[in-house]
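# Breakdown of the fold
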Amino acid sequence: MNADIIVIGGGIAGLSAAARLSADAKVILLEMESATGYHASGRSAALIEQNYGAPSVQALNRASVGYLRDANGGYLTPRGLMIVASADEREAFQIDLGKMGVDEISVQEARDMVPVLERETLAFAGYHADAFDIDTDRLMQDFIRILKRNGGQVLTDRTVTAIRQEAGGWSVTAGAEYTAPTLVNAGGAWADLIAGIAGVTPLGIVPHRRSMARIKAPGGHDVGGWPMFFGVGETWYAKPDAGALIISPADEDATHPHDAFADDMTLAEGLARYQQFVAEPVTKPLATWAGLRSFAPDRTLVLGRDPEVPEFVWCAGQGGYGFQTAAAASLLLADLVAGRAPELDKTSVAALKPDRLRA
Ligand SMILES: Cc1cc2nc3c(=O)[nH]c(=O)nc-3n(C[C@H](O)[C@H](O)[C@H](O)COP(=O)(O)OP(=O)(O)OC[C@H]3O[C@@H](n4cnc5c(N)ncnc54)[C@H](O)[C@@H]3O)c2cc1C
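Model, not experiment: these values are computed from the prediction. (Residues numbered from 1 in each chain as written. Predicted model: local features only at pLDDT ≥ 70, side-chain atom pairs only at ≥ 80, totals over all residues.)

## A short note on the pairing of strand S20 (residues 302–305)
- As defined by bridge partners, S20 adjoins strand S21 (residues 312–316) across 4 bridges and the pair is classed as antiparallel. Note that in S21 the partner of Arg 305 across the bridge is Val 313.
- Hairpin connection, S20 to S21: the antiparallel pair is bridged by 6 residues. (Pairing = 2+ DSSP bridges. Helix = DSSP H or I, 4+ residues; strand = E, 2+ residues; numbered from the N terminus.)

## Observations regarding the domain arrangement of the protein chain
- One can read the domain layout of the protein chain as domain 1 (5–60 + 135–205 + 297–358) and domain 2 (81–128 + 206–294).
- Distance between the C-alpha centres of domain 1 and domain 2: 30 Å.
- Each side of the interface is counted separately: domain 1 has 20 residues, and domain 2 has 16 residues.
- The residue makeup of the side of domain 1 that touches domain 2, split by class, is 9 nonpolar, 9 polar and 2 charged. (Domains from an automatic or database assignment. Contact = placed C-beta atoms within 7 Å. Nonpolar A, V, L, I, M, F, W, Y, C, P; charged D, E, K, R; others polar.)

## Topic: the site of the ligand
- Neighbouring residues of the ligand: 41 residues in total, closest Gly 9, Gly 11, Gly 188, Gly 291 and Gly 322.
- Here the shell around the ligand is built from residues that sort into 18 nonpolar, 17 polar and 6 charged. (Near = placed C-beta within 6 Å.)

## Considerations on the sheet that holds strand S11 (residues 169–174)
- Judged by pairing direction, the sheet is antiparallel, and its 3 strands sit side by side in the order S10-S11-S12 without closing on themselves. Each end of this open sheet is capped by a strand with a single partner; those strands are strand S10 (162–166) and strand S12 (176–180). On average, each strand axis in the sheet is tilted by 20 degrees relative to the strand beside it, whichever way the strands run.
- Two strands pair when backbone bridges link them, and S10 and S11 are joined in this way by 5 bridges, in the antiparallel orientation. Residue Gln 165 lies in a different strand from S11, and its bridge partner there is Trp 170. (Axes fitted to C-alpha atoms, helices over the stretch in contact; angles between N-to-C directions.)

Spelled out as structure tokens, the structure:
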């Protein structure tokens, strides 16, 4: 089967890239699982916090928020973000306030928003309203709709096992043979492996596990209006989720690409850190899971043509920012592939290109 562009990977990175690229080209997306969004993209906390990430990631966050707010009826609902700290965490708390652009509020104001916060432990709190839940499922489904409307295809159960660069372009084996002059690597945790299969030098993209537990709403409270709340230095966080609470130990253990699952001990330690700040006891998790957040060495996305093999395009290293950056990252990628001047500022574009990692 022939196309102009083959995209490998059916997570948010590949789906958004394929949708944008399909405006100018015939695009086929190959996904090894039987459904899209099975790996990292099906396991996220689904938040946009514009001050989260390196400067070029923040530039993508800012450039994405308009799309997330307005496109297709909008994907955002208000959530808010709170940071809570104990008396001996004052210094780290002040650093977090500056980094995240969060205002200090009184302990009483914090408890008014999250009534289960423990009086004995809570000494400092910060809050800002400018953080939103993203409807991640609808965002992915809508990118699939755009791709299909433009004549593109999403093919699941297609594990890419061989990639050859021939005179006419790439020949990709995924059960059947697929050919195209341009190949986009949106393989998430597998991005470096895919580069290796294609004979392209990997960039050092390493998956890191992040675990999650869902528990019943503490004390039977209606948690729907609570903000997402964090321990200082992102050592744990909790977020309302469909009437329950999801809690993450905010772990970041380097690992290999695989179908990730939560580590019990890591979860228990994270739940203990959460418990110090919450008066209601932690109950048995309703569910646990983990996903892989994949980072380049500088923790910044990698978007654009490979400097040595320009027909090979990187759309990888989304780390903990894949959803909040997708709208602008996919637009930038499409501009770079088409040879158009990107809307994003030049400094950010240079910081995102793969060239920086081959200097
Ligand atoms: C617990 C957790 C919380 C998070 N919270 C947030 C958040 O609040 N906000 C936010 O913006 N981001 C968040 N993230 C990050 C976000 O989920 C990721 O950045 C994003 O999902 C990465 O998308 P992706 O498409 O690159 O990877 P994936 O979703 O993993 O997709 C890659 C795809 O490539 C496919 N693939 C790999 N190899 C092959 C092959 N050989 N052939 C065919 N297909 C292949 C895989 O099957 C997979 O489906 C969180 C992540 C985790 C784990």
